[in-house]
Amino acid sequence: MEYQTIGISREGPVAVLTLNRPEALNAMNSAMARDLRQSLESLSKDDSVRCLVITGSGKGFCAGADIREMAGLSSTEVARAGSLLSIWETVGKYPKPIVAALSGFALGGGLELAMCCDIIIAAQGTKLGQPEINIGIIPGGGGTQRLTRAVGRYKAMEMILTGSTITAEEAASAGLVSRVVPAAQHLQEAMKVAQTIASKAPMAVRLAKQAVSSAEDGTLSDGLRHEKQLFLLLFSSKDKDEGMKAFLEKRPPVFTGE
Ligand code: CAA
């Protein structure tokens, strides 16, 4: 299927989604949110897709929600189900792993989109921030919650209350990105990580994502209970038998997803 605002390509089990509105620094408008939602839905049904990479075309990843479009919207229009604002939740709840490949700018809704992903690879020179305060609003795609969980109250407050940006290196030392790579190598590195994830047992990958995500949602004892349930579940999978057998036989495993 062809989309107007995003590109989709495949490299074996990895699908790459490229935000493609370079004339607006890939700002997220409702057309892009709709395209992203539809493409994620169809990729989630395709069992041959094991991992996703999200990146941006042109000068950077994404400069946030589209201010030109938002300027004319009322609160009811923004809040409507299925509108622009629900895209961050959709990405945040996606069951397959997503690697974000950042360059240039990851601002506002762009940083919030990256934080909805599972691994963030940032090129040197990337600027990250929540500049919404500069235009009289606050983050609305989960930034106040996800950023605070990632970097802690004091760094998050400084970024959100001042609207200032931080460098990729500062983001890495604050725990906001997984890794900083040389300029222009972000996509290549993200692809390597995604291919590695795609080579693992699919059910274990899915449940690992679920278990780690639940660490952010509830108490430690709830999270530990959930992890144990998922761990035990994998002991009835064929891939667990194959993975352990292959290790003992000193050969690479052949996973089938069962
Ligand atoms: N929405 C709409 N258009 C945007 C945009 C955005 N978020 N960010 C950039 N653009 C457009 C600019 O209007 C400009 O278009 P024209 O050429 O038609 O004027 C084009 O992209 C290039 O941008 P600049 O000329 O500004 O490029 P620059 O290199 O000088 O500056 C920048 C880059 C610092 C990222 C600057 O564009 C900027 O500050 N953008 C806005 C960032 C922002 O405030 N993001 C938060 C949005 S609100 C949000 O995201 C809410 C939420 O939580 C869901």
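Nothing here was measured: the structure is a model prediction, and the numbers come from that model.

Draft legend 1. The domain arrangement of the protein, seen in detail. We note that the domain assignment places domain 1 (6–198) and domain 2 (202–248) within the protein. Summarising the inter-unit geometry, the C-alpha centres of domain 1 and domain 2 are found 26 Å apart. Contacts between domain 1 and domain 2 engage nine residues on the former and five residues on the latter. For the domain 1 and domain 2 pair, buried surface summed over both sides reaches about 660 Å², with 52% attributable to carbon and sulfur atoms. Among the residues domain 1 hides against domain 2, the three largest losses belong to R50, P95 and R149. Together they make up 51% of the total. For the salt bridge of D118 with K209, the shortest nitrogen-to-oxygen distance reads 2.8 Å. Where domain 1 meets domain 2, there are four residue pairs in polar contact (both at pLDDT 80 or more). Of the residues assigned to the side of domain 1 that touches domain 2, the class counts are five nonpolar, no polar and four charged.

Draft legend 2. Region of the structure containing helix α10 (residues 202–217). In this model α10 runs 23 Å from its N-terminal to its C-terminal C-alpha over 16 residues, within 8% of the 22 Å that 1.5 Å per residue would give. Looking only at α10, the buried set comprises P202, V205, L207, K209, A211 and S214.

Draft legend 3. Spatial organisation of the site of the ligand. Around the ligand, a shell composed of 24 residues is seen, among which A65, I67, G109, E112 and E132 lie nearest. Residue K59 places a side-chain N or O atom 3.4 Å away from an oxygen atom belonging to the ligand. Interatomic distance of 2.9 Å between a backbone N/O atom of A65 and an oxygen atom of the ligand. When isolated, the ligand has an accessible area of 980 Å², and the protein chains bury 64% of it. Looking at the shell around the ligand, the elements that each hand over two or more residues are α2 (67–70), β5 (105–107) and α5 (109–115). The greatest single-element share of the shell around the ligand, amounting to three residues, is contributed by α2. For the shell around the ligand, the per-class residue count stands at 13 nonpolar, five polar and six charged.

Draft legend 4. Broad picture of the layout of surface pockets. What the largest pocket holds in volume is close to 990 Å³. Along the walls of the largest pocket sit 31 residues, with M115, C117, D118, S213 and E216 positioned nearest its centre. Looking at the lining of the largest pocket, the elements that each hand over two or more residues are α4 (87–92), β6 (119–123), α6 (143–151) and α10. It is α10 that contributes the most residues to the lining of the largest pocket, nine residues altogether. Partitioned by chemical class, the residues of the lining of the largest pocket number 15 nonpolar, seven polar and nine charged. In this structure, the lining of the largest pocket is formed jointly by two domains, domain 1 (6–198) and domain 2 (202–248), each of which donates at least three residues. For the second largest pocket, the calculated volume is near 360 Å³. A65, M70, E132, I137 and I138 are the residues nearest the centre of the second largest pocket, which is lined by 22 residues in total. Looking at the lining of the second largest pocket, the elements that each hand over two or more residues are α2 and α5.

Rules used throughout
- Residues numbered from 1 in each chain as written.
- Predicted model: local features only at pLDDT ≥ 70, side-chain atom pairs only at ≥ 80, totals over all residues.
- Heavy atoms only, no water.
- Domains from an automatic or database assignment.
- Contact = heavy atoms within 4.5 Å.
- Buried area = accessible area lost by both parts, 1.4 Å probe.
- Salt bridge = Lys/Arg side-chain N within 4 Å of Asp/Glu carboxyl O.
- Polar contact = N/O pair within 3.5 Å; in protein donor to acceptor, adjacent residues only side chain to side chain.
- Nonpolar A, V, L, I, M, F, W, Y, C, P; charged D, E, K, R; others polar.
- Helix = DSSP H or I, 4+ residues; strand = E, 2+ residues; numbered from the N terminus.
- Expected span 1.5 Å × (residues − 1).
- Buried < 20%, exposed > 50% of the residue type's maximum accessible area, 1.4 Å probe, protein only.
- Near = heavy atom within 4 Å.
- Areas by Shrake-Rupley, 256 points an atom, 1.4 Å probe, with all protein chains shown as cover.
- 1 Å grid on protein atoms, 1.4 Å probe; cavity = no way out; pocket = protein on both sides within 12 Å on 5 of 7 lines; lining within 4 Å.
- Points joined across faces, edges and corners; volume = space filled by probe spheres on them.

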